[in-house]
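An overview of the molecular structure
Each chain is listed here by its residues.
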Amino acid sequence: MPTKVQYMSDQAVLHVRGRVLVGPEDVRDELWVVDGRISYDRPAGARDVRTVEGWALPGLVDAHCHVGLDAHGPVPEDVSEKQALTDRDAGTLLIRDAGSPSDTRWIDDRDDLPKIIRAGRHIARTRRYIRNYAWEIEPDDLVAYVAQEARRGDGWVKLVGDWIDREVGDLSACWPRQAVQAAIAEAHRLGARVTAHCFAEDSLRDLVEAGIDCVEHATGLTEETIPLFAERGVAIVPTLVNIATFPRLADGGESRFPRWSAHMRRLYERRYDTVRAAYDAGIPVYVGTDAGGTLPHGLVAAEVAELVTAGIPVVEALSAATWAAHDWLRRPGLEEGAAADLVVYETDPRADVRVLAAPRRVILNGRAVA
């Protein structure tokens, strides 16, 4: 059980007043930040009290983000820092870094940068992913590389489940079922969860039946696989702000890979229907932007708005970036004694998620940083 925060007389105290959205149905009038941690008891004898007013949420979660990566591969630390600062200033205070070739452990020593849960480096089939991003291997080595990244990461491993096969001229699965089954079992043995990049349809059944925990993008979900995901409790992170780029990608590949281009357009055209059908079936849906490859950072508010456009109720879309996302990633939200990571808004984001794009105050580790 969390312990009550003890007030330190030589510390400034931050008072957040208005409406504190501890959970979808748990709304309080105020909280106190004492020595960088949350308290719901007014500290006795506080001398230096600074008040912030508005609607407070737990720090937003981007569950598919790549700090340390751009379109060409790993980036220098100063670029990684700018990426993390951009996310922070947009209200993202917890990131699941879904694959990066850069070592970003130095960020853990910075109390002014978001907290990161790493999935290690992508693991892809040889010549079946973006150059300089992934370990590119063959199926016989998959278990060993999954074990390596499970030990390097923070409880997650990232596979590339499908990609364009140039001989076929279309998206196709990257791994034999037996290989992913053994690899996922090894990750689970080591205490890590596994997620996979998947655009198309044909890799999904094998991955889910092999025991995968999450699928990124998941544009290939169908009437046949949606019930399977729901039954197994496999989460999806749709990254709709990334799926919006599919028409441009399709146009660029039209001359060489017309079959692939047509497939990408179909996936794009049904994207909202796919996400809504997944939600309606009970599949857990979380917010992720896929920032850091070709997309800019700081898009978390746009992704929440995209989930609403897809037909997910506002409070559920908000939860996918806050309360539910913190629970899924096993990190505390606005709990007594937790690190004070929160975002304050002018108006109620449950009434209009567009307010997420304009934080009034971002508070990280108890300090106003933006």
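Note that the structure is predicted; figures quoted are calculated from it, not measured.

Summarising the element assignment, D213 is placed in the loop between α4 (204-209) and β16 (214-217). Buried charge without a partner: D213 forms no salt bridge, and the closest opposite charge is R193, 5.8 Å away. Within the structure, D213 has its side chain in polar contact with the side chain of H188 (distance 2.8 Å). When neighbours within four sequence positions are excluded, D213 is seen to be in contact with W156, H188, R193, V194, V234 and A235.

Okay, the sheet that holds strand β20 (residues 367-368) next. Read across the sheet, seven strands follow the order β3-β2-β1-β4-β18-β19-β20 without closing on themselves; strand pairing throughout is mixed. The two strands at the open ends of the sheet, each matched to only one other strand, are β3 (37-39) and β20.

Counted according to the given criterion, the structure contains 27 salt bridges. A salt bridge links R118 to D108; the shortest N-O distance between them is 3.0 Å. Pair noted here: R118 is in strand β9 (residues 115-118) and D108 is in the loop between β8 (92-97) and β9, with a separation of 10 residues, a long-range link. When the shortest N-O distance is used, the salt bridge between R270 and E201 registers 2.9 Å. Of this pair, R270 sits in the loop between α8 (258-269) and α9 (271-280) while E201 sits in the loop between β15 (193-198) and α4; the two residues are 69 residues apart in sequence, bridging distant segments of the chain. Using a relative accessible area of 26% as the deciding quantity, one classes E201 as partly exposed.

Attention now goes to the packing of helix α7 (residues 246-253) against α8. Following both chains from N to C, one finds α7 and α8 inclined at 170 degrees, their axes separated by 8 Å at the closest point. As summarised for this structure, α7 and α8 are arranged roughly antiparallel, according to the angle between their axes. Here F246, P247, L249, A250, D251 and G253 of α7 lie close against α8, whose contacting residues are P258, W260, S261, M264, R265, L267 and Y268. Here the residues of the contact of α7 with α8 sort into nine nonpolar, two polar and two charged.

Attention now goes to the nonpolar core. Ranked by size, the top nonpolar core spans 78 residues in total, and within it L142, I212, F229 and L307 carry the most contacts. Sort the elements by how many residues they give to this core and helix α3 (residues 177-189) lands first, with five residues. Excluding residues that lie within four positions of it along the chain, L307 makes contacts with P238, L240, V275, V285, V287, I312, A317 and A320. L31, I38, L334 and V344 belong to the second largest nonpolar core, which has 15 residues in total.

Here D97 lies in strand β8. R118 provides the closest opposite charge to the buried, salt-bridge-free D97, at an N-O distance of 5.7 Å. Ignoring sequence-local partners within four residues, the contact set of D97 consists of C65, H66, V67, I116, I117, R118 and A119.

Here we come to the packing of aromatic side chains. Inspection of the entire model under this criterion finds seven aromatic pairs. Judged by centre distance (6.0 Å) and plane angle (80 degrees), the rings of Y129 and Y133 are edge-to-face. Judged on exposure class, the residue Y129 and its partner Y133 are both buried. Centre to centre, the rings of W135 and Y145 are 5.9 Å apart; their planes meet at 55 degrees, and the pair counts as tilted. On the criterion of sequence distance, the pair formed by W135 in strand β11 (residues 135-137) and Y145 in helix α2 (residues 142-152) is long-range, its members being 10 residues apart. Taken together through their ring pairs, the aromatic side chains of Y129, Y133, W163, F199 and F246 make up a single cluster. Positioned over the ring face of Y40 is R28, at 4.2 Å from the centre of the ring. The ring centre of W135 lies 4.5 Å from the NZ or CZ of R121, which sits over that ring.

Conventions adopted
Residues numbered from 1 in each chain as written. Predicted model: local features only at pLDDT ≥ 70, side-chain atom pairs only at ≥ 80, totals over all residues. Heavy atoms only, no water. Helix = DSSP H or I, 4+ residues; strand = E, 2+ residues; numbered from the N terminus. Buried < 20%, exposed > 50% of the residue type's maximum accessible area, 1.4 Å probe, protein only. Lys, Arg positive; Asp, Glu negative; His and termini not counted. Salt bridge = Lys/Arg side-chain N within 4 Å of Asp/Glu carboxyl O. Polar contact = N/O pair within 3.5 Å; in protein donor to acceptor, adjacent residues only side chain to side chain. Contact = heavy atoms within 4.5 Å. Pairing = 2+ DSSP bridges. Axes fitted to C-alpha atoms, helices over the stretch in contact; angles between N-to-C directions. Parallel < 35°, antiparallel > 145°, perpendicular 65-115°, else oblique. Nonpolar A, V, L, I, M, F, W, Y, C, P; charged D, E, K, R; others polar. Core = buried A, V, L, I, M, F, W, Y, C linked by side-chain atoms within 4.5 Å. Phe/Tyr/Trp six-rings, centres within 6.5 Å; stacked < 30°, edge-to-face > 60°. Lys NZ or Arg CZ within 6 Å of the ring centre and 35° of its normal.

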